[in-house]
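# Structural overview for review
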Amino acid sequence: MINSKDLPALVTGVMATLAGIGIARFAYTPLLPALIQEGWFSASQGAYLGAANLLGYFIGALSAHALSERFSVRAVMGASFVAIALSFFLCAGEGSFSWFFFWRLVSGIAGAILMVVGPSLALSTTPPERRTSVGALVFTGIGFGALLSASVVPVLLELSLTVTWGTLGLLCIAAALVCDWGVTRLSSPPVVSQERRTSQAGYAGINAAVLLVIGAYALDAVGFVPHTVFWVDYLARENALGHQAASLQWGIFGLGAVCGPLIVGTLARKVGWHHGLTLAFLAKAAAVSLPVFSLALLSQSVSSFVVGAMIPGIVALTSGRLAELVGPTAHKKLWGQATAAFAAAQAFSGYAMSALYVAWGTYSPLFAISSLVLVGGFVLVLLSRGQQQRHAPLSTVPLSAVPHSNKKRRP
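The structure displayed is predicted, hence computed values, not measured ones. (Residues numbered from 1 in each chain as written. Predicted model: local features only at pLDDT ≥ 70, side-chain atom pairs only at ≥ 80, totals over all residues. Heavy atoms only, no water.)

### So, the overall build of the protein
- Helix and strand counts for the protein stand at 14 helices and 0 strands.
- Listed by position from the N terminus, the elements making up the protein come as α-α-α-α-α-α-α-α-α-α-α-α-α-α.
- Across the protein, the fraction of contacts at a sequence separation of at least 24, relative to all contacts at a separation of at least 6, is 86%.
- Within the structure as shown, the protein displays about 17500 Å² of accessible surface, and the carbon and sulfur contribution to it stands at 67%. (Helix = DSSP H or I, 4+ residues; strand = E, 2+ residues; numbered from the N terminus. Contact = heavy atoms within 4.5 Å. Areas by Shrake-Rupley, 256 points an atom, 1.4 Å probe, with all protein chains shown as cover.)

Next up, the structure:
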């Protein structure tokens, strides 16, 4: 259960994920059609602007750990919030493609830094017995951003593009202020020297398990693409269901994204991070493949909700599983590497699936492909458990169970 002592860590993580992906990434999705309709950019230019954010996300994920080690975490996070806010403020009027590309790139870099540093900071300052709850809930910010993009942004677009961009920038500033309140009230990391030695000594022994989890997370990025990029167009245009029906499903997707961390938090407490992650991959694989077999309203809704829930859900479970494997001290570096792997796989699969759509003229096979790739991720997670048990280091054994050489043995 969450108590008042967890509030600073929870606020820090939620605000970081809200701005990092929820606003910087998801809020752009409903902006894209308006940018094209208003004549600011062509369809191809708009797509490249979306790709700029993905490229920036990859760069930010690679640099986040080094930046947070060299500078104060508060300064790094504050600068990232400001950068995302500026990316909206400075794109509130018509401009050149290169200008928008640069600021979408900046928003991606800053968003990745927040996604790496924020959750890691929240985990490291939370006592071990409450990390499962806090570690899952910090990713609700992703869901709130998705819900925001499905509800508030379309209303703002009725006013103007300029108002929409400016309001999103103000929301980032508000998130930054709330996050800073949390950061300044965080307690010192409750990681004792024994736990730190354990995580460092055990890292080599569980390296294979860590790599398999990161590999599964990269495969999850492939399953991320169809619903976040093609779902609305697949329903509205390819299947002639109309924009109203597609908007409804995007709203259900957003609702699922808010509920996802709450669901997986309960799941992790019941069955643990590893088993929770395996179940999440299976659920997401099934939900992504569902539109291939049925487009009935119930099937659409189940697919939207479950995929929406498992997007931040698998993020939370992967983060928690890595922290379980290496400890909170080494988590930030490994989480940055996992985020970089996810970003690279996401960018590659996004371009590859776009090319396949052009070649095939339909989105339907892309959902089937992503589902099969998610099954591959499920297999990697299963294998990681075997590797962990096979290479379990001596340092994972409680010190009380290890005989001390300076103690006399009883006869």
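### Some details on unusual backbone geometry
- Even without glycine at this site, alanine 240 takes up a positive phi of about 55 degrees.
- Within the secondary structure, alanine 240 sits in the loop between helix H10 (207–238) and helix H11 (243–271).
- The exposure class assigned to alanine 240 is exposed, which follows from its relative accessible area of 65%. (Buried < 20%, exposed > 50% of the residue type's maximum accessible area, 1.4 Å probe, protein only.)

### Describing the environment of arginine 269
- Along the chain, arginine 269 falls in helix H11.
- Overall, arginine 269 belongs to the partly exposed group, its relative accessible area being 46%.
- When the C-alpha atoms of arginine 269 and arginine 130 are compared, they prove to be 9.8 Å apart, with 139 residues separating the residues in sequence.
- If near-sequence neighbours (up to four positions away) are discounted, arginine 269 is found in contact with Thr132 and Ser133.

### A few points about the pattern of salt bridges
- Inspection of every chain in the model, using the stated rule, returns 4 salt bridges.
- Residues aspartate 180 and arginine 74 are paired through a salt bridge, measuring 2.7 Å at the closest nitrogen-oxygen approach. You can see aspartate 180 sitting in helix H8 (residues 161–184) and its partner arginine 74 sitting in helix H4 (residues 73–89), a full 106 residues away along the chain.
- With a relative accessible area of 27%, aspartate 180 lands in the partly exposed category.
- With a relative accessible area of 45%, arginine 74 lands in the partly exposed category. (Salt bridge = Lys/Arg side-chain N within 4 Å of Asp/Glu carboxyl O.)

### Thoughts on the side chain of glutamine 300
- For glutamine 300, the location among the structural elements is in helix H13 (residues 297–360).
- Residue class for glutamine 300 comes out buried when judged on its relative accessible area of 6%.
- If sequence neighbours within four positions are ignored, glutamine 300 has contacts with Trp231, Leu235, Leu241, Gln249 and Leu295.

### Considering the packing of aromatic side chains
- Counted by the stated rule, this structure contains 21 aromatic pairs.
- Note on phenylalanine 230 and tyrosine 363: the rings are 4.9 Å apart at their centroids and 25 degrees apart in plane angle, and the pair reads as stacked. Taken together, the residues span a long stretch of sequence, with phenylalanine 230 in helix H10 and tyrosine 363 in the loop between H13 and helix H14 (364–390) at a distance of 133 residues. For the pair formed by phenylalanine 230 and tyrosine 363, the shared burial category is buried.
- A network of ring pairs unites the aromatic residues Phe26, Phe139, Tyr217, Phe224, Trp250, Phe253, Trp335 and Phe342 as a single cluster. (Phe/Tyr/Trp six-rings, centres within 6.5 Å; stacked < 30°, edge-to-face > 60°.)

### Quick word on the confidence of the model for the protein
- Per-residue confidence for the protein gives a mean pLDDT of 85; residues scoring 70 or more make up 89%.
- For residues 190–205, every residue scores under 50 in pLDDT, and the model assigns this stretch 27 contacts once sequence neighbours within four places are set aside. (pLDDT = per-residue confidence, 0-100.)

### Regarding the side chain of arginine 25
- Note that arginine 25 resides in the loop between helix H1 (7–23) and helix H2 (31–37).
- Although buried, arginine 25 forms no salt bridge, and the nearest oppositely charged side chain, aspartate 220, lies 10 Å from it.
- Reaching out from arginine 25, the side chain makes a polar contact with the side chain of asparagine 53 at a distance of 2.9 Å.
- In this structure arginine 25 touches Gly20, Asn53, Leu54, Tyr57, Phe224 and Gln346, once residues within four positions along its chain are discounted. (Lys, Arg positive; Asp, Glu negative; His and termini not counted. Polar contact = N/O pair within 3.5 Å; in protein donor to acceptor, adjacent residues only side chain to side chain.)

### A short note on the environment of glycine 256
- One can find glycine 256 in helix H11.
- Note: C-alpha distance between glycine 256 and valine 302 (46 residues apart in sequence) is 9.5 Å.
- Among residues more than four places away in sequence, those in contact with glycine 256 are Phe305, Gly308 and Ala309.

### Here we look at a nonpolar patch on the surface
- Nonpolar side chains collect at one region of the surface, where Val82, Leu86, Phe89, Leu90, Trp99, Leu170, Ile173 and Leu177 lie side by side and expose about 700 Å² of accessible area between them.
- Breaking the nonpolar patch down by element, the ones donating at least two residues are H4 and H8.
- Here isoleucine 173 is to be found in helix H8. (Patch = residues over 30% accessible without salt bridge, like charges linked within 9 Å, V, L, I, M, F, W, Y side chains within 5 Å.)

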